Amino acid sequence: MIRPIVLIEDNPMDLDLTRRAFVRRRLANPLLVARDGAEAIAMFDGWQSDQPPPAIVLLDLKLPKADGLDVLRHLRAHAHLGTVPVVVLTTSTEDQDVQTAYRLGANSYIVKPVDFDKFVTVVDQIDLYWLVLNHPAQP
Amino acid sequence: MLQRFLAWLNALAIADPIERAQGRILQWLLLGLIVARLGLTLLDALVPSAVPTFVGGPQGLFFAAILFCILLTLRSGRLRGAASATVVLAYLVITRALSSEGIVTSGITAIGYIIPLAIAGLMLSRLILVLVATVCVATVSAITLTSSAEAGQPDSVIIIVFTIYVTLIALLLERYRDTWERSIDMARANEERLRLALDAGALGTWDWDLRSGAIIWGGHHARIMGLPEGAFDGRFESFSKLVHPDDLPGLNAAVEAARLQLTPFAHEYRVTRPNGDVRWASGKGRFIADRTGEAARMLGVIADISARKSFEEQLKAAIAERDALLARLQLVLDRTPIGAIISDQDFLVTYWNPAAETIFGWGAAEMLGRQPDDMIIAPAVRARLPRIRTQIAASAATLFAETENLRKDGQVIVCAWANTPLRDTDGTFLGFLAMVQDVTERHRREAHINELNAELEQRVAARTAELATKNRELEVFAYSVSHDLKAPLRGIDGYSRLLQEDFAGRLDGDGPYYIEMIRAAAASMGELIDDLLAYSRVERRALRVTGLALRPLVELVVAEHGDLLNEAGVQVTIDLPELSVLAEEEGLAQSLRNLIENAVKFSRGVTAPQIDIGGEAQGDTCLLWVRDNGIGFAMEYHDRIFDLFQRLHRAEEYPGTGIGLAIVRKAVERIGGTVWAESAPGAGATFFLRLPREPSEGL
């Protein structure tokens, strides 16, 4: 079973560009998208126990309804998905956000570059590290 | 006339009472002789030849006169009488000798004349003269006897009686010779004593005979008046001229009063000496009246009292000064707004000034002699009163206190007290002086001010908090704006990149160039937003100042820029002593980064670009500099380059956002440092940072 990649992003352009960047990598993993915090939480709550857990959750912090940190907090408390790797992919460089994110159990914190080439590089790195090199915990 | 005469006689009297008694016997004897002689002479004149010729007639009168002279001599104890007698005798001897009468008569008469000679001898203390006189009498008697026999005059009996009579007088005189001499000695002793007394007191005497107007000065009178001895002519006018003109009328009046009423004279007056000195003199004396009751003579004593007067004047001046001072002090105490209360050792009020009356409402009359406990001490303080009093009595200095007190109308007031114990020279407690002020109003005002201050502080705190909130909101706003600006930017860049890649073959002409420009614009805007975020982060970051070793930090930042520096071919030298500064690590690192990047940027195109980083300790600060040999700038811009968005070059020459140096200034000023730059166009630029030095360093 191929683990999906979960992308939680409200900005349609960012979402589209991220999707395109992944497409360029020709990833086999399916891409599940949530457009706000509430939708993400609902997605995780409705996650079937026989469904494979996400390979990685790409989480934007600035989200409508529940924000990214709430989603993270919720995910870490989740019965099955508590150990899923979470990469915070955001434009915020606030120390406060960085610290809170790590304290809540984020595995990585990446600032979205403006330059699309750099963005593609970031996606490449995420793919290489989290989907190829990293060995996730079994649910 | 007779009274005057008797008074004059009395004045000559012998002082010693015993001697006077003895002398009186002799006086009566002599007086008896005079009367007898005068009686015989009268008889001779009335009944011719009733008495022998030598007894009566003019000789008898002469004889009586001579006897009177002797009497005078006796009374006065002086030689005047004897001298007079001798003169009279000499006169008679000569006249009788030249008279036409016979030698016998003259001889018999001479017997009578020789007697005064004998007396004169006695009085001159010459016994030999007495003997000579006696022998003369005997000899003349013998001659007379012979002549009488020739003349047939039966007078031998009379001659014998006469001889006995003379001898008797001689013996009597001899008997009293001692008394006279003693009285003379005594008079001399008296005079000596008087002189001693006058000398001791530097006193002078005067004797003013009103009839003649003559004044006789004795003792130190002349010296007191400043005249040489004997220079005074004895006239009252001469004396008056020496008296100070201002004092003369008073002196004359005093003399006149004493003269008219015969009261003792005592007057003090100034004397102007011929040399100009002014002295004070005190004259005391009295007038002596004659028998008619008129003042005839004035006797007195004068003393120089200048020293005493001067002392008196000084004393008077000192007293006047003291009185004036006391009056001023009294005025101060009466008019001061500070209450002054003096109490004795039993804490009974002895002084209560008008201000105390105003403060407490109690009048001095109500307070004097009382303990003011119940009247002005607030009930709450009364219990502490014994302890307070013990403290005052024991203290050496003034004690200050603020207490609650009562007014007469029952109002409670707050008073500030300064209590000073009063002590005599032995340190015995005599009471205390309390100075008091009503500070009720001041207290009320202070309370009010405190209230206002508290309120003000509260308002300031509220305003500050409000401001901080606003600031925070503004920061968040700036941050989110910058943040949200990046998302569309990413879209612009991302899609133009996709366009570039996916449709590269289908774009021609300026198409690819436009896309290039869109992407460049997006990149520069992204940079601008990043720099703005960095700038705002400097302020938003919590201030954490720590001691930092400069060199490791500089080396680290330089190492971070290794690629950039290599690429630009810039040589970097670091010449830093061991220095520690008080700074924010991140802020300082960012400042260094910006300065190095700045130096690299403006060294582009310079041959052998070079960056020198140096520093030194200066007092409690540390000077750090970054020097390049780049294009530099004109000093007129040295201030502006640290302002936000300030650029000295066109973007295509030297790209940048104009935020880097603003971040440097903000980061340095935040930790209490300063930053400035020195440069000249084409001569490179030097940026200086003055930073607080870590205090422990160098200790």
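Structure: see above.
First things first, this report covers the structure right here in the doc. Keep in mind it's a predicted model, so treat the numbers as computed, not measured.

1. Some remarks on the sheet that holds strand E10 (residues 429-438) of chain B
Residue and element names in this part refer to chain B. One open sheet holds the five strands; their spatial order is E7-E6-E10-E9-E8, and the pairing between them is antiparallel. Two strands bound the open sheet, and with one partner strand each, they are strand E7 (349-352) and strand E8 (399-406). Neighbour-to-neighbour, the strand axes of this sheet turn through a mean angle of 25 degrees, independent of strand direction. The pairing of E8 with strand E9 (residues 412-423) spans eight bridges and is classified as antiparallel. Along E9, the bridge assignment pairs Glu 404 with Val 414.

2. Side note on the interface of chain B and chain A
Contact with chain B, which involves 23 residues of that partner, is made by 20 residues of chain A. Both faces considered, chain B and chain A share a buried interface measuring about 1,900 Å² in area, 50% of it formed by carbon and sulfur atoms. It is His 483, Arg 490 and Tyr 495 of chain B that lose the most area in chain B upon contact with chain A, and together they represent 34% of the buried surface on that side. Seen at the junction of chain B and chain A, the total is six salt bridges.

3. A word on helix H1 (residues 12-25) of chain A
With 14 residues, H1 of chain A extends 20 Å from end C-alpha to end C-alpha; this agrees with the ideal 20 Å at 1.5 Å per step. Looking at H1 of chain A, one finds that the buried residues are Asp 14, Leu 15, Leu 17, Thr 18, Ala 21 and Phe 22 of chain A. The secondary structure elements touched by the buried residues of H1 of chain A are strand E1 (5-8), strand E2 (31-34), strand E3 (56-59) and helix H5 (116-133) of chain A together with helix H17 (440-502) of chain B. Between the side-chain oxygen of the N-cap and the backbone nitrogen of Met 13 of chain A there are 2.9 Å, and the N-cap of H1 of chain A in question is Asn 11 of chain A.

4. Regarding the environment of Gln 500 of chain B
On the secondary structure map, Gln 500 of chain B appears in helix H17. Gln 500 of chain B has contacts with Ile 515, Glu 516 and Arg 519 of chain B, leaving out every residue within four places of it along the chain.

Parameters at a glance
Residues numbered from 1 in each chain as written. Chains lettered and ligands numbered in written order. Predicted model: local features only at pLDDT ≥ 70, side-chain atom pairs only at ≥ 80, totals over all residues. Heavy atoms only, no water. Pairing = 2+ DSSP bridges. Helix = DSSP H or I, 4+ residues; strand = E, 2+ residues; numbered from the N terminus. Axes fitted to C-alpha atoms, helices over the stretch in contact; angles between N-to-C directions. Contact = heavy atoms within 4.5 Å. Buried area = accessible area lost by both parts, 1.4 Å probe. Salt bridge = Lys/Arg side-chain N within 4 Å of Asp/Glu carboxyl O. Expected span 1.5 Å × (residues − 1). Buried < 20%, exposed > 50% of the residue type's maximum accessible area, 1.4 Å probe, protein only. Polar contact = N/O pair within 3.5 Å; in protein donor to acceptor, adjacent residues only side chain to side chain.

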